[in-house]
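# Summary of the model geometry
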Amino acid sequence: MASAMPRINPAVILHLNGDKIIKGREPCLIAISVIDFFKTGLCFNFRGNKKGHMAIFKLHINGKERQVDVEPDTPLLWILRDHLGLVGAKFSCGIGECGACTVLVDDKAIRSCGFRVSKIKTSKITTIEGLSVNGDHPLQLAWDEVDVPQCGYCQAGQIMQAVALLKMNPKPTDGEIDERMDFNLCRCGAYHRIRDAIKLASTKI
Amino acid sequence: MPAPNKTSRRDFIKLSSLAGGGLLLGFSWSSAEVGTSVIMNPANFTGELGFNSYLSIATNGTITIFSPNPELGQNIMTSFPMIVAEELDADWTKVKVLQAPLDTAKFDRQLTGGSGAIPHSWKRLRTAGASARFLLVAAAAKKWDTDATACTTSNGYVIHTLTGKKLSYGELAEEAAAISLPPDVPLKNRKDFKIIGSSPRNVENKKIITGKGIFGLDFYREGMVMAMIQRPPSFGTKVKSVDATAAKAMPGIIDVVTFKNNVAIVGKSTWAIMKARKAVKIEYTKDGNIESSSDHDQLLVSMLNSDKATERRKDGDVATAFKQAATIITSEYQCPFLPHNAMEPMNFFADVRPDGVELIGPTQTPASARQATAKLLNIPEDKITVEITRLGGGFGRRLKFDFVLEAAELSSIIKKPVKVIWTREDDMMGGSYRPAVRYRFEAALDEKGNLIGYKLRGAGINLNNSTRPDNFPSGAVDNLVIDSIEHISPVTTGAWRAPVTNFLAFAEQAFLDEVALAAGKDPVQFRLELLQKARTKPAGAIKYSIDRMETVIKQAAEKSGWGTKKGVSQGFSVYFSHSSYVAQVCEVVMEANKPVVKKIYAVSDCGEVVNKNGALQQVMGGIVDGYGHAMFGKLTFKDGAAEQMNFDQYRMIRMSEIPEIEAHFIDNGIDPTGLGEPALPPTGGAVANAIFKATGTRIKNQPFIDEPPFKTSKGF
Ligand code: FES
Ligand code: FES
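The next point concerns the overall build of chain A. Scanning chain A from terminus to terminus reveals 7 helices and 5 strands. Reading chain A from its N terminus to its C terminus gives the helix and strand order α-α-β-β-α-β-β-β-α-α-α-α. Per-residue burial for chain A yields a buried fraction of 60% across its 205 residues. In the structure as shown, chain A presents an accessible area of about 7900 Å², 54% of it carried by carbon and sulfur atoms.

On to the nonpolar core, then. Inside soluble globular proteins, nonpolar side chains tend to come together where they are buried. Grouped together as the largest cluster of nonpolar side chains are 228 residues, with contacts concentrated most on Trp-143, Ile-194 and Ile-198 of chain A together with Leu-410 of chain B. In terms of residue count, helix H13 (residues 501-519) of chain B provides more of this core than any other element does, 11 residues in total. Setting aside residues no more than four positions away along its own chain, Ile-194 of chain A makes contact with Trp-143, Val-148, Gln-155, Gln-158, Met-181 and Cys-186 of chain A together with Met-655 of chain B. Ile-57, Met-77, Ile-83 and Ala-130 of chain B belong to the second-largest nonpolar core, a separate cluster that totals 46 residues.

Turning to the interface of chain A and chain B, a few remarks are in order. Residue-level contacts link 76 residues of chain A with 80 residues of chain B. Around 6600 Å² of area is buried between chain A and chain B when both sides are counted, 59% of it from carbon and sulfur atoms. Counting the contacts that link chain A with chain B gives 7 salt bridges. Its salt-bridge partner being Glu-97 of chain A, residue Arg-654 of chain B comes within 3.4 Å of it at the nearest N-O pair. Where the side of chain A that touches chain B is concerned, the elements lending two or more residues are helix H1 (11-17), helix H3 (76-83), helix H4 (138-146), helix H5 (155-168), helix H6 (174-181) and helix H7 (191-202) of chain A.

Turning to the packing of aromatic side chains, a few remarks are in order. Each pair of aromatic rings is reported with the distance of its centres and the angle of its planes. Residues and elements named next belong to chain B. Across all of its chains, the model carries 22 aromatic pairs over all chains by this definition. With centroids separated by 6.0 Å and ring planes inclined at 45°, the aromatic side chains of Tyr-439 and Phe-441 adopt a geometry described as tilted. Overall, the relative accessible area of 0% leaves Tyr-439 in the buried class. Classification of Phe-441 by relative accessible area gives buried; the value is 0%. One aromatic cluster is present, built from ring pairs that chain together Tyr-333, Tyr-439, Phe-441, Tyr-454, Phe-503, Phe-506, Phe-511 and Phe-704. Positioned above the aromatic ring of Trp-562, the side-chain terminus of Lys-693 is 5.3 Å from the ring centre. Looking at Arg-698, its charged tip hangs above the ring of Phe-692, at a distance of 4.4 Å from the centre.

Turning next to the packing of helix H10 (residues 366-377) of chain B against helix H11 (residues 402-414) of chain B. Residues and elements named next belong to chain B. For the pair H10 and H11, interaxial distance at closest approach is 10 Å and the crossing angle is 35°. Relative to H11, the crossing made by H10 is right-handed. Across the interface between the two elements, Ala-369, Ala-372, Thr-373, Leu-376 and Leu-377 from H10 touch Val-404, Leu-405, Ala-408, Glu-409 and Ser-412 from H11.

Residues and elements named next belong to chain B. Between the first and last C-alpha of helix H3 (residues 117-143) there are 39 Å, a value that for 27 residues agrees with the 39 Å anticipated at 1.5 Å per step. Lys-123 marks the point of greatest bend in H3, at about 30°. With 20 of 27 residues buried, H3 is to be regarded as a mostly interior element.

Here we come to the domain arrangement of chain B. All names here are of chain B. As assigned here, chain B comprises domain 1 (9-209), domain 2 (216-287 + 346-421) and domain 3 (306-337 + 433-706). For domain 1 and domain 3, the distance between their C-alpha centres works out to 40 Å. Both faces combined, the contact of domain 1 with domain 3 buries some 1500 Å², and carbon together with sulfur accounts for 46% of it. Linking domain 1 to domain 3 there are 3 salt bridges. Its salt-bridge partner being Asp-671, residue Lys-123 comes within 3.3 Å of it at the nearest N-O pair. Where domain 1 touches domain 3, the interface holds 12 residue pairs in polar contact (both at pLDDT 80 or more). Secondary-structure elements contributing two or more residues to the side of domain 1 that touches domain 3 are helix H2 (76-88) and H3. Within the side of domain 1 that touches domain 3, the residues separate by chemical class into 9 nonpolar, 10 polar and 2 charged.

Turning our eyes to something else, we now look at the sheet that holds strand S6 (residues 151-154) of chain B. All names here are of chain B. Reading across from one edge, S6-S7-S8 is the order of the 3 strands in this open sheet, with antiparallel pairing throughout. Whereas interior strands pair on both sides, the edge strands pair on one side only; in this sheet they are S6 and strand S8 (166-168). Each strand of the sheet is rotated relative to its neighbour by a mean of 25°, with strand direction disregarded. Alignment of strand S7 (residues 157-160) against S8, held across 3 bridges, turns out to be antiparallel. Bridging from a neighbouring strand, Val-158 pairs with Leu-167 of S8.

Quick look at the domain arrangement of chain A now. How big an interface is tends to be reported as the loss of accessible area on association of its parts. Residue and element names in this part refer to chain A. Taken domain by domain, chain A consists of domain 1 (1-124) and domain 2 (138-202). With 20 residues of domain 1 at the contact, the number on the domain 2 side is 14 residues. Each partner contributes to the roughly 1300 Å² buried at the junction of domain 1 and domain 2, and carbon and sulfur atoms together form 57% of this total. As a salt-bridge pair, Asp-107 and Lys-167 come within 3.6 Å of each other at their nearest N and O atoms. The interface formed by domain 1 and domain 2 holds 4 residue pairs in polar contact (both at pLDDT 80 or more) in total. Mapped onto the side of domain 1 that touches domain 2, the elements with two or more residues apiece are strand S3 (102-105) and strand S4 (108-111). The residue makeup of the side of domain 1 that touches domain 2, split by class, is 9 nonpolar, 4 polar and 7 charged.

With that settled, consider the sheet that holds strand S22 (residues 479-487) of chain B. Residue and element names in this part refer to chain B. Pairing is mixed in the open sheet, where 5 strands are placed in the order S14-S22-S21-S20-S15. Bordering the open sheet on either side are strand S14 (310-315) and strand S15 (327-335), each of which pairs with just one other strand. If you compare each strand with its neighbour and ignore which way they point, the axes differ by 10° on average. The pairing of S15 with strand S20 (residues 437-445) spans 9 bridges and is antiparallel. In the strand pairing of S20, Gln-334 is matched with Arg-438.

Our next topic: the side chain of Asn-479 of chain B. Residue and element names in this part refer to chain B. Looking at the element boundaries, Asn-479 is found in strand S22. With relative accessibility at 15%, the residue Asn-479 sits in the buried group. In this structure the side chain of Asn-479 is engaged in a polar contact, spanning 2.8 Å, whose partner is the backbone oxygen of Ile-452. Aside from chain neighbours lying at most four places away, what touches Asn-479 is Asp-315, Gly-316, Asp-317, Val-318, Ala-321, Ile-452, Gly-453 and Tyr-454.

Moving on, we get to unusual backbone geometry. Cis peptide bonds are those with omega within 30 degrees of zero, and the linkage from Gln-702 of chain B to Pro-703 of chain B qualifies with -5°. Assignment of secondary structure puts Pro-703 of chain B in the segment after helix H17 (681-695). Geometrically, the link from Pro-708 of chain B to Pro-709 of chain B is a cis peptide bond, its omega value of 10° lying close to zero. Within the secondary structure, Pro-709 of chain B sits in the segment after H17. With phi around 50°, Lys-121 of chain A is a residue other than glycine that occupies positive phi space. For Ala-498 of chain B, which is not a glycine, the phi torsion comes out positive at approximately 60°. If you trace the backbone, Ala-498 of chain B turns up in the loop between S22 and H13.

Our next topic: the pairing of strand S18 (residues 384-388) of chain B. Residue and element names in this part refer to chain B. Along S18, 4 of the 5 residues are buried, which leaves the element largely enclosed by surrounding structure. Summarising the sheet, strand S17 (residues 356-361) and S18 pair through 5 bridges and their orientation is parallel. From the neighbouring strand, Leu-359 faces S18, where its bridge partner is Val-386. Between the parallel pair S17 and S18, the chain is carried across by H10, and the sense of this crossover is right-handed.

The next subject is the confidence of the model for chain B. Should the pLDDT be low somewhere, the predicted coordinates at that spot are not to be read in detail. All names here are of chain B. On average, residues of chain B carry a pLDDT of 90, and 92% of them reach 70 or more. Between residues 1-20, whose pLDDT stays under 50, and residues either more than four places distant or in other chains, the model counts 34 contacts. For residues 30-52, every residue scores under 50 in pLDDT, and the model assigns this stretch 62 contacts once sequence neighbours within four places are set aside.

Scoring rules and cut-offs
- Residues numbered from 1 in each chain as written.
- Chains lettered and ligands numbered in written order.
- Predicted model: local features only at pLDDT ≥ 70, side-chain atom pairs only at ≥ 80, totals over all residues.
- Heavy atoms only, no water.
- Helix = DSSP H or I, 4+ residues; strand = E, 2+ residues; numbered from the N terminus.
- Buried < 20%, exposed > 50% of the residue type's maximum accessible area, 1.4 Å probe, protein only.
- Areas by Shrake-Rupley, 256 points an atom, 1.4 Å probe, with all protein chains shown as cover.
- Core = buried A, V, L, I, M, F, W, Y, C linked by side-chain atoms within 4.5 Å.
- Contact = heavy atoms within 4.5 Å.
- Buried area = accessible area lost by both parts, 1.4 Å probe.
- Salt bridge = Lys/Arg side-chain N within 4 Å of Asp/Glu carboxyl O.
- Phe/Tyr/Trp six-rings, centres within 6.5 Å; stacked < 30°, edge-to-face > 60°.
- Lys NZ or Arg CZ within 6 Å of the ring centre and 35° of its normal.
- Axes fitted to C-alpha atoms, helices over the stretch in contact; angles between N-to-C directions.
- Left-handed = near helix turned anticlockwise from the far one by under 90°.
- Expected span 1.5 Å × (residues − 1).
- Bend = angle between axes of the 7 residues up to and from the residue.
- Domains from an automatic or database assignment.
- Polar contact = N/O pair within 3.5 Å; in protein donor to acceptor, adjacent residues only side chain to side chain.
- Nonpolar A, V, L, I, M, F, W, Y, C, P; charged D, E, K, R; others polar.
- Pairing = 2+ DSSP bridges.
- Right-handed = clockwise from strand over helix to strand, strands pointing away.
- pLDDT = per-residue confidence, 0-100.

Written out as structure tokens, the structure is:
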């Protein structure tokens, strides 16, 4: 029996393209078109680029200019984690479904696992590490006060998603919170407290 | 027992960081005599003196204890120091807990599982705190030339009651270290508890919300390489041939090595490895049964009719009871396989060197992981160290150590420090699942509606005993038989949060409602009558507390206004697991002809609630978990391979889908029992019973969305 691995159901790609909406939810705000997605190599019929064109990219991350020498299809998540030692954004699904890798690109919440470096250009990136100097962004303070984290693995992504939400909509209703936060999974089920912390922070922003 | 030398050295380093001395109190974590503490002079501390953990008070007042248990979100790193701080009357802000590395010479239960850490350590930690407090008071009394009874303690100070003079614990620590300890140190009366039962914040919040690298996947060491492993996609297959020529030539790739049925792609960066992995061509060949979910479905049904089941409990004369029955109710319930899906995928770091082995990462069972590594590499255990990182969830998956062994074996082959990383697809296809189970229940009622006979048979995949034969209603039915049968499958299975009971509780509590309906009784009243029967005329051994179970049932009925509400349909469920008792009431309303779960009430009896916040998180999280998986969770197999590989195909509950939860605890002062699991099992039953009440449709299989009334309704 032969099997080329990893296998993937074509639904993944459709879903990321936003054409297919599963289970009544919106597609993720993954900031790439399906064409880009194929080119990134995230797509599972990728034919390897053996020469591996490396390129130098200047990135604006957390108010600093950082330079990396990587393949242009490298997702931002791995630039942050492997090349810059910024491990706050987490890897969990790698396909834009869980939000653990969420960072801000020009104040928009982006799944960094699917956002390739060549697309970043002059955009400003903010990660959890750059959200505040002393960990005292109103959402971080609210997260502590409400005591949200359980295992904590999803929480940096949750906070970054919430930052983008409050930038767009500083006084969200419960329904509006749910709608945005549905992009982020929490396997520990800390959703009630995540919602409470966002409501608390929204009173202080 | 003398500790190995390297341990002494590590302890000595910690010790010398106690600048200017301080109080070190050794205490026994593994001894049966939990009351025994040994006072140490820091200068003598070598780690070879028979005690096995310690509490230290530095001269600046910082209090430190080492916690042996892996932290995976159960909040043990906060709850443990709370217990110490309570008896010590410490300033909570100065108490720290550090994750201890694996040390089987010191700790006897260094694992996270079975909701057992708090019950195990409760007395040990209290005694340690009380002993330190005793010494600090004695030191202050000596200084003031008074009697210990003239002193009190509060918030990190000893206070002279008459004059109001006070000395901080830090100031007293060194002198306290010179005083010897009496054999019996009194513990506080629980009415004086200030910290136990309070809601301090998680001590690791700051690290978590600022994105510090505290998880295994974040671990990095100069010179290490990374690897991903391609395992056979189908259970029951093995590697036939590997062509890695193209992959090896790709940038950032160091090597591709095959061991056992693993093809490891080793490289310098995760992305390079992910890309090269797709260029490896692997052929697999059959190596055992290749099974699909349709095979399992047939097998489970046929096993229920087999005569090969193993008897687990038998009371009375079941055959006669069923012969004499006025009514017989028979029902079958089934659940699918479930992956654990901890948000942090499996990973581990290993550095196998000629002088020893270092293992670092997220594990629930560091001791078993080391034992297995020693066996695999044929290296003595004392040459292997294990450091435990914070776990991004466990749910039972990290009780297994397959990922530790992979990392160790790979490091020994490539002779490099390596971190092995699983992807979500690896995780969901990689086994150790909650197995599929099917139950058949049969109940015999006499003409008055009394339950006179009860039969339960469990059929499970790789589940030797899919029952909990001594749980309620055992003991309440005169004629009862419980047996089980298993099918051995190459699909690997393992513990999943609240093993067995995560589905058994749903099936049993739903079935009891079916029986109550047939008997014409209210579900709550029916359960209370059974308990009363168990109390007055027990049938066989009773291994749960009738009183505690009765109390949570009555409280849940009262808190939820059972039977008094208009416009909502309520469902009841109660379950005893991991020594705790939880009753739940679920409320469903019909919206656009569809049942919507609005609210779940929970009343838990886990004895003394140590950490109110932590307890609420475990109960609410357990309910969200139990509801989410009952509703949506399903992993199926086609030709031996998992058909759902990532979150786009495997649905997990999200924020907009959670019900309101109201959690209560019984305040009875009984020594604490576990809470990491017990709130999950009752949820599915409460939900299904409420849905039945609302729609008249009885859900018997998980996931609920594949069943009526959901299957037919749009929007789910
Ligand atoms: S890891 Fe990026 S969305 Fe899951
Ligand atoms: S806190 Fe564990 S996944 Fe969210």
